[in-house]
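Geometric and topological summary
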Amino acid sequence: MKRSSSTIPFGYKLNEDNTLDAVPAELEALASIVPMVKDKSLSLREGSMYLTDLTGRSISHTGLKKIADKRTFG
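The paragraphs below set out a description of the structure included in this document.

Quick notes on the rules
Starting from 1, residues in each chain are numbered consecutively following that chain's sequence as written. For this predicted model, a pLDDT threshold of at least 70 governs which residues receive local features, and a threshold of 80 or more governs which side-chain atom pairs are given and counted, while totals over whole chains, interfaces and linings are taken from all residues. Remark: hydrogens and water are excluded; side-chain values derive from all non-hydrogen atoms of the structure. Helix and strand definitions here come from DSSP, where helices need a minimum of 4 consecutive H or I residues and strands a minimum of 2 consecutive E residues; each element is numbered from the N-terminal end. Throughout, exposure labels follow a simple rule: accessible area from a 1.4 Å probe, protein chains only, divided by the maximum for the residue type, with under 20% read as buried, over 50% as exposed, and the rest as partly exposed. Any pair of residues with heavy atoms lying within 4.5 Å of one another is described as a contacting pair. Neither His nor the chain termini are counted; the positive set is Lys and Arg, and the negative set is Asp and Glu. Charge positions are represented by NZ for Lys, CZ for Arg, CG for Asp and CD for Glu. Counted as a polar contact is a pair of N or O atoms within 3.5 Å, where, for protein atoms, one must be capable of donating a hydrogen and the other of accepting one, and residues adjacent in sequence contribute only when both atoms are in side chains. Note on geometry: axes are C-alpha line fits, over the in-contact stretch for helices, and angles between N-to-C directions span 0 to 180 degrees. If an angle is under 35 degrees, it is roughly parallel; if it is over 145, roughly antiparallel; if it lies from 65 to 115, roughly perpendicular; otherwise it is oblique. Note that Gly is not counted as nonpolar here; it falls among the polar residues with everything else outside the nonpolar set of Ala, Val, Leu, Ile, Met, Phe, Trp, Tyr, Cys and Pro and the charged set of Asp, Glu, Lys and Arg. Here is the rule for handedness: rotate from the far helix to the near one, and if that takes an anticlockwise turn smaller than a right angle the crossing is left-handed, while a clockwise turn gives right-handed.

Some words on the overall build of the chain
- Summing up its helical and strand segments, the chain has three helices and two strands in all.
- Element order for the chain, N to C, with α for helix and β for strand: β-β-α-α-α.
- Considered along the principal axes of its C-alpha atoms, the chain spans approximately 40 × 25 × 20 Å.
- Each of the 74 residues in the chain was classed as buried or not, and the buried ones make up 23%.
- Put simply, 35% of the contacts in the chain that link residues at least 6 apart link residues at least 24 apart.
- Looking at charge distribution, the chain has the averaged site of its 11 positive side-chain charges lying 9 Å from that of its 9 negative ones.

Dropping the structure here:
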C-alpha cells in the first residue's frame, strides 16, 4: 500500500521503501473490536484501551471512531 499521509494507519507499518505493510494481528484485533463498538457493547474508549493493550500499539478513541465510521467488517 502506498502512503498518502504522514500518519501510519493502525494495522499497518512503514516499510523501508516508504510503503505500508499490513500487520495481520492488528487488523484482526481491529476487525473483532469494531463490531462491538458499532453495536455499543463496548464504548470507543474501552475499545481503544483494549486494542492498545492487545496489540501494544496505541490508538485513540477518536481514531477508533474514524475507523469504525469508514469501514465495514464482515
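Anyway, onward from the coordinates.
Details of the environment of Ser60
- Relative to the elements of secondary structure, Ser60 occurs in the loop between α2 (44-55) and α3 (61-70).
- We classify Ser60 as partly exposed; its relative accessible area is 39%.
- Separated by 37 residues in the primary sequence, Ser60 and Val23 have C-alpha atoms spaced 18 Å apart.
- A polar contact of 3.0 Å, which involves the side chain of Ser60, links it to the side chain of Thr62.

Considerations on the packing of helix α1 (residues 24-38) against α3
- Viewed as axis vectors pointing N to C, α1 and α3 meet at an angle of 85°, and their least axial separation amounts to 10 Å. When the axis of α1 is compared with that of α3, the two are roughly perpendicular. Contact residues: Leu30, Ile33, Val34, Val37 and Lys38 in α1; Leu64, Ile67 and Ala68 in α3.
- Per-class residue counts for the contact of α1 with α3 are seven nonpolar, no polar and one charged.

With respect to the packing of α1 against α2
- Axis separation between α1 and α2 bottoms out at 10 Å; the angle between their running directions is 160°. Between α1 and α2, the angle is such that the two are roughly antiparallel. For the crossing formed where α1 meets α2, the hand is right-handed. Across from Glu26, Ala29, Leu30, Ile33 and Val37 in α1, the residues of α2 making contact are Leu44, Gly47, Tyr50, Leu51, Leu54 and Thr55.
- Here the contact of α1 with α2 is built from residues that sort into eight nonpolar, two polar and one charged.

Looking at the side chain of Glu26
- You can see Glu26 is positioned in helix α1.
- Every residue in contact with Glu26, bar those within four places of it in the chain, is listed here: Phe10, Gly11, Tyr12, Thr55 and Arg57.

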